[in-house]
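# Observations on the three-dimensional arrangement
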Amino acid sequence: MSELSNDLILFNELVAVLLKEEENHPVAKRIDSNVLYDTIDLSLQKAAIVDDVFKKTLKDVLISTPKTATNLFFNQLFGGRQSKAILGDLLAVLLNNSMYTYKVAGPQVGIEQEIIRQSCKLVGYGAQSNGTFPTGGSMSNYMALIMARDAKDPSCRTKGMTKPLVMYTSKESHYSNAKNASFAGMGRGQVRYIESDDRGRMLPGKLEEQIKRDLENGLVPAYVNATAGTTVLGAFDPIDKIANLTEKYNIWLHVDGAYCGSVIFSDEKRHLLKGVERSDSFSYNAHKMLGTPLTCSIILVNDKKHLHDSFSNDAEYLYQTDGDDFNLGKTSFQCGRRNDALKFWTLWKSMGTDGLENIVDQQFYLADIARNYVANNPDYTLYSFEDSISVCFNYKNIDPKTLCTLLYEHQITVVGFGDFKGESFIRFVTINATNTEADILNFFKVLEAFVKENESALLLAPEKVK
Ligand SMILES: *Cc1c(COP(=O)(O)O)cnc(C)c1O
């Protein structure tokens, strides 16, 4: 038997161990970072090791790695497993193509383009639209910013920036915006953080005031980042109203839908993106709402000319056959590029667009259950609103940071905390569509039981946990 066949048998054995472990211990036993290297043998040695030791080490690593697919993981903007997507990703690893040329990726190019075409249709972009799969949502935002910069200051590509460009985003937007301004040569100081309303949505009036101030000062407004699903509250910026301004002042509009842009698949929730077809670019992460393995991020561009203008470069040693439409390296940031499309395609192909819609709708349904539970229980304070899958709350005046940390350290459940306008709270994310109503109610049950057991410690000594 080949080495690969043997290793696949080992793989299946390890999968069985992992799934059993997830059932018995949905929250992994935490290894304190101070003793990590003393607890598992992670060392690399000169000599090969025997198979049994290798296997045991792998099991140790699997068992103690945080479990993101179980029904007690609510910490991140991803979670759970979509089996058909995992199948696709495993195949992508075996195939090991690179997505830059048709010569090397063949039908995988068509798979990626089909996802992009169908996504553009759902967004409402026209015949000139296209897109690519960047390494993640941060990179999608970066690519959008670079296209905006080059569109406003075309000689930038050869001479470097010649104009004092400014960009706009809400105070609640993703932190990649600040870094990207620095990478793009604009500078973090040129990011204008626009205030949001009491539900975390950017205020278009404040945006216009700031644009006018910058114009008066001789600056050049180049880019507006609107967010579809803010990182803490899951709020949707009013794209239509923002588009009125970006069209009026000729500014690039990017819609960052990394978190919740997948509502394009839901007939019921698509209205949250009203006006998105007027944007210049739109991105979403299938590894968030749609549950594919990390990472699976897609950026769509209303006019593909901008992708070519900013990212193509001739390279004779690479592009040797077929046209530009099949050589995807002409519109990507990097050269060698992992196949992130196949896992999304196997998911979409197997369950249809209707299946993706169900995945999205399930998350809003679970959020409604959580929000109702919180709203109808006097021990809780609710900070969230409808149409958000981030349910933010506090329980019995307990410091949310202390509570989250203790829940994690005691392997009860994994959940995070956030801030909005000076308030801190627990942020419970219903992004795992494989969860049921019972899983959501169970989360509150285990939280309440834990608090009951530790109430005095939680109420009296919040500073004990740092
Ligand atoms: C998660 C997220 C990002 C970053 O995406 P990565 O794939 O983690 O880089 C950007 N914007 C928003 C709104 C997000 O929620």
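Residues numbered from 1 in each chain as written. Predicted model: local features only at pLDDT ≥ 70, side-chain atom pairs only at ≥ 80, totals over all residues. Heavy atoms only, no water.

### Some details on the overall build of the chain
Basically, it comes down to this: Only DSSP runs of H or I covering at least 4 residues are called helices, and only runs of E covering at least 2 are called strands; the numbering of each starts at the N terminus. Radius of gyration here uses only the C-alpha atoms, and the compact-globule reference equals 2.2 Å multiplied by the residue count raised to the power 0.38. Using a 1.4 Å probe on the protein chains alone, a residue whose accessible area is under 20% of its type maximum counts as buried, one over 50% counts as exposed, and one in between counts as partly exposed. Contact criterion: two residues are considered in contact whenever any of their non-hydrogen atoms come within 4.5 Å of each other. Calculation of accessible area relied on Shrake-Rupley with a 1.4 Å probe; when residues are assessed, cover is drawn exclusively from the protein chains displayed.
The secondary structure content of the chain amounts to 15 helices and twelve strands. Its C-alpha radius of gyration of 24 Å places the chain within 12% of the 23 Å reference for a compact globule of 466 residues. Overall, the C-alpha framework of the chain stretches about 65 × 60 × 45 Å when taken along its three principal axes. Residue burial in the chain is summarised as follows: out of 466 residues, 50% are buried. Residue pairs at least 24 apart in sequence account for 72% of intrachain contacts in the chain once pairs closer than 6 positions are excluded. With the model as given, the accessible surface of the chain reaches about 21800 Å², and the carbon-plus-sulfur share is 52%.

### Remarks on a positive patch on the surface
Note the threshold: Patch rule: a residue counts if its relative accessible area is over 30% and it has no salt bridge; like charges are joined within 9 Å, and nonpolar side chains (Val, Leu, Ile, Met, Phe, Trp, Tyr) within 5 Å. Every case where a carboxyl oxygen of Asp or Glu lies within 4 Å of a side-chain nitrogen of Lys or Arg is listed as a salt bridge. Only four residue types enter the tally: Lys and Arg on the positive side, Asp and Glu on the negative side, with His and both chain ends excluded. Note on charges: their place is set at NZ of Lys, CZ of Arg, CG of Asp or CD of Glu.
A cluster of basic residues, Lys171, Lys206, Arg213 and Lys421, forms a positive patch at the surface. Turning to its location among the elements, Lys206 is positioned in helix H10 (residues 204–216). Under the relative-accessibility criterion, Lys206 is labelled partly exposed at 35%.

### Focus: the packing of H10 against helix H11 (residues 239–248)
We apply this condition: To obtain an axis, a line is fitted to C-alpha atoms, over the contacting stretch when the element is a helix, and the angle between two such axes runs from 0 to 180 degrees between their N-to-C directions. Put simply, angles under 35 degrees are roughly parallel, angles over 145 are roughly antiparallel, angles from 65 to 115 are roughly perpendicular, and the rest are oblique. Whether a crossing is left-handed or right-handed is set by the direction in which the near helix is turned from the far one by less than a right angle, anticlockwise for left-handed and clockwise for right-handed. Asp, Glu, Lys and Arg are counted as charged, while Ala, Val, Leu, Ile, Met, Phe, Trp, Tyr, Cys and Pro are counted as nonpolar; the rest, among them Gly, fall into the polar class.
It is the contact of H10 with H11, at a shortest axis distance of 9 Å, that shows an interaxial angle of 15°. One finds that H10 runs roughly parallel with respect to H11. Handedness of the H10/H11 crossing: right-handed. Listed contacts from H11 to Pro204, Leu207 and Glu208 of H10 are Lys241, Ile242, Leu245 and Lys248. A class-by-class count of the residues in the contact of H10 with H11 yields four nonpolar, no polar and three charged.

### As for the side chain of Lys343
Here is the rule: Pairs of N or O atoms within 3.5 Å make up the polar contacts considered here, provided that, within protein, one atom can donate a hydrogen while the other can accept it, and that residues adjacent in sequence are counted only when both atoms are side-chain atoms.
Mapped onto the secondary structure, Lys343 falls in helix H13 (residues 341–375). Overall, the relative accessible area of 0% leaves Lys343 in the buried class. In this structure the side chain of Lys343 is engaged in a polar contact, spanning 3.3 Å, whose partner is the backbone oxygen of Pro293. Here Thr295 takes part through its backbone oxygen, which lies 2.8 Å from a polar atom of the side chain of Lys343. Aside from chain neighbours lying at most four places away, what touches Lys343 is Lys84, Ala85, Gly88, Asp89, Thr292, Pro293, Leu294, Thr295, Cys296 and Arg338.

### Side note on the sheet that holds strand S6 (residues 252–257)
Strand pairing in a sheet is mediated by backbone hydrogen bonds. Such pairs are either parallel or antiparallel. Spelled out, the test is: Between any two strands, at least two bridges found by DSSP are needed for them to pair.
Pairing in this open sheet of seven strands is mixed, and the strands run S2-S8-S7-S6-S5-S3-S4 from one edge to the other. At either end of the open sheet lies a strand with only one pairing partner, and these are strand S2 (130–132) and strand S4 (191–194). Here the average twist between neighbouring strands, direction ignored, is 20°. Two strands pair when backbone bridges link them, and strand S3 (residues 165–170) and S4 are joined in this way by four bridges, in the parallel orientation. Along S4, the bridge assignment pairs Ser170 with Ile194. Most of the contacts of helix H6 (residues 107–123) go to S2, to which it runs at about 125°, and overall it touches S2, strand S7 (281–285) and strand S8 (297–301). Sitting on the sheet, helix H9 (residues 176–183) is in contact with S3, S4 and strand S5 (220–227), with an inclination near 160° to S4.

### Observations regarding the nonpolar core
Heads up, the rule is: To form a nonpolar core, buried Ala, Val, Leu, Ile, Met, Phe, Trp, Tyr and Cys residues must be joined to one another through side-chain atoms within 4.5 Å.
Formed by 82 residues in total, the largest nonpolar core has its most connected members in Phe282, Phe344 and Leu447. Here this core takes 14 residues from H13, the largest share from any one element. In this structure Leu447 touches Tyr380, Phe393, Tyr395, Leu403, Leu407 and Ile426, once residues within four positions along its chain are discounted. In this structure, Ala144, Leu145, Leu165 and Ala184 belong to the second largest nonpolar core, which totals 21 residues.

### Quick word on the sheet that holds strand S10 (residues 390–395)
On the basis of which strands lie adjacent, the open sheet formed by five strands has the order S1-S11-S12-S10-S9 and mixed pairing. Among the strands making up the open sheet, the edge pair consists of strand S1 (73–74) and strand S9 (380–382). Taken together, the three bridges between S9 and S10 define a ladder with antiparallel strand orientation. Paired with Leu382 across the strands is Phe393, a residue of S10. This element, helix H14 (residues 400–409), spans S10, strand S11 (414–420) and strand S12 (423–429) of the sheet and lies at about 165° to S11.

### Some thoughts on the domain arrangement of the chain
Stated precisely, the cut-off is as follows: As annotated, the domain borders come from an automatic or database domain assignment.
Per the domain assignment, the segments of the chain are domain 1 (3–67) and domain 2 (98–340). Once you take the C-alpha centre of each, domain 1 and domain 2 turn out to be 38 Å apart.

### Describing the UniProt feature "modified residue: N6-(pyridoxal phosphate)lysine" (unreviewed entry) in the chain
This is how the line gets drawn: UniProt positions are given in the numbering used here, feature names are shortened, and annotations may be inferred rather than shown by experiment.
UniProt annotation of "modified residue: N6-(pyridoxal phosphate)lysine" (unreviewed entry) refers to Lys288 when read in the numbering used here. For Lys288, the location among the structural elements is in the loop between S7 and S8. Judged by its relative accessible area of 15%, Lys288 is buried. The residues contacting Lys288, other than those within four sequence positions of it, are Leu77, Phe78, Ala258, Tyr259 and Ile431.

### With respect to a negative patch on the surface
Where like charges cluster on the molecular surface, the negative patch consists of Glu3, Asp7, Asp51 and Asp52. Counting only elements with at least two residues in the negative patch, the list comes to helix H1 (3–24) and helix H3 (51–64). Summarising the element assignment, Asp7 is placed in helix H1. On the basis of relative accessible area, Asp7 is assigned to the partly exposed category, the value being 38%.

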